[in-house]
Amino acid sequence: MKILYKNKTVLSKKNYMNLVEFHQKKNNWKYWLYTFYISALLVIIVSFLIASGFIFQSLFLLICFIVFLIYRFIYPYYKTSKELHSDKIQKNLVNYYFFYEKYFKVKNKLGDSKINYTKLYRVYENENYFYLYFDKDNAFIVEKSGFLIGDVESFENFIKNKVWIKFKKD
């Protein structure tokens, strides 16, 4: 099968932090809305349990509420920090992307993956990058300046046609 586009992107700290910043900008309001909704619901339920005299159950739910808040506030920082200190970023892992008609491949020194375009969760484009999300939290970073075969303008049209409504331009 013929390679339509080829891209080389270095997974550097700068590129990763740009992805994190972009992801937070896109999803932060949903994250906080969900956290507020669940927190309000738990506070109401705990209040009713206390008012009804179910102290043990309200204490249990209060502990669950505290664990939920810790998870919501600390886990994102932990996940980002862990990724920043991973070998992929510390050693500037180089990803090569090969785009074909029905799928694309990602190759690096750790191995390779073949992904059908239909498996992509969402594709975002901003000034410097394409972010190919394969689930709601994880994405491949495709640097616009890294095209070895093809150009940015035709790739934008190509990927837009492959994912249709999943494509968003920032």
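The structure contained in this document is the topic of the report that follows. (Residues numbered from 1 in each chain as written. Predicted model: local features only at pLDDT ≥ 70, side-chain atom pairs only at ≥ 80, totals over all residues. Heavy atoms only, no water.)

1. A few points about the packing of aromatic side chains
And step 1. On inspection of all chains with the given rule, the structure shows 23 aromatic pairs.
And step 2. Relative to Phe 140, the ring of Phe 104 has its centre 5.9 Å away and its plane inclined at 90°; by these criteria the two rings are edge-to-face. With Phe 104 in strand 3 (residues 103–108) and Phe 140 in strand 7 (residues 139–143), this pair connects stretches of sequence that are 36 residues apart.
And step 3. By relative accessible area, which is 0% here, Phe 104 ends up buried.
And step 4. Owing to a relative accessible area of 16%, Phe 140 belongs among the buried residues under this scheme.
And step 5. Above the face of the Tyr 103 ring, Lys 114 is positioned so that its terminal group lies 4.3 Å from the ring centre. (Phe/Tyr/Trp six-rings, centres within 6.5 Å; stacked < 30°, edge-to-face > 60°. Helix = DSSP H or I, 4+ residues; strand = E, 2+ residues; numbered from the N terminus. Buried < 20%, exposed > 50% of the residue type's maximum accessible area, 1.4 Å probe, protein only. Lys NZ or Arg CZ within 6 Å of the ring centre and 35° of its normal.)

2. With respect to the sheet that holds strand 9 (residues 167–169)
The strands that make up a sheet are held in pairs by hydrogen bonds between backbone atoms, and each pair lies either parallel or antiparallel.
And step 1. What the four strands build is an open sheet, ordered 7-6-5-9; its pairing is mixed. The outermost strands of the open sheet, each flanked by one partner alone, are strand 7 and strand 9. Between one strand axis and the next, the sheet turns by 15° as a mean value, whatever way the strands run.
And step 2. Looking at chain direction, strand 6 (residues 129–133) and strand 7 are connected through five bridges and run antiparallel. (Pairing = 2+ DSSP bridges. Axes fitted to C-alpha atoms, helices over the stretch in contact; angles between N-to-C directions.)

3. With respect to the sheet that holds strand 8 (residues 147–149)
And step 1. Pairing in this open sheet of five strands is antiparallel, and the strands run 4-3-2-1-8 from one edge to the other. Each of the sheet's edge strands pairs with one partner strand only, and the pair in question is strand 4 (111–116) and strand 8. Mean inter-strand twist for the sheet, computed between neighbouring axes without regard to direction, equals 20°.
And step 2. Bridging between strand 1 (residues 5–11) and strand 2 (residues 93–99) involves seven bridges; their strand directions are antiparallel.

4. Looking at the nonpolar core
And step 1. Counting 20 residues, the largest nonpolar core has Phe 99, Phe 104, Phe 130, Leu 132, Phe 155 and Ile 159 as the members making the most contacts within it.
And step 2. Of all the elements, helix 4 (residues 152–163) adds the most residues to this core, at five residues.
And step 3. When neighbours within four sequence positions are excluded, Phe 104 is seen to be in contact with Tyr 97, Phe 98, Phe 99, Ser 113, Lys 114, Ile 115, Tyr 117, Leu 120, Leu 132 and Phe 140.
And step 4. Ranked by size, the runner-up nonpolar core spans 14 residues in total, among them Tyr 16, Leu 19, Leu 84 and Ile 141. (Core = buried A, V, L, I, M, F, W, Y, C linked by side-chain atoms within 4.5 Å. Contact = heavy atoms within 4.5 Å.)

5. A closer look at the pattern of salt bridges
And step 1. The final tally for this structure, using the stated rule, is seven salt bridges.
And step 2. The residue Asp 170 makes a salt bridge to Lys 25 at a minimum N-O spacing of 2.9 Å. Separated by 145 residues along the polypeptide, Asp 170 in the segment after strand 9 and Lys 25 in helix 1 (residues 13–51) bring together distant segments of the chain.
And step 3. Lys 26 is the partner of Asp 170 in a salt bridge, and the nearest nitrogen-oxygen pair spans 3.3 Å. With Asp 170 in the segment after strand 9 and Lys 26 in helix 1, this residue pair connects regions lying 144 residues apart in the sequence.
And step 4. What makes Asp 170 partly exposed here is its relative accessible area of 44%. (Salt bridge = Lys/Arg side-chain N within 4 Å of Asp/Glu carboxyl O.)

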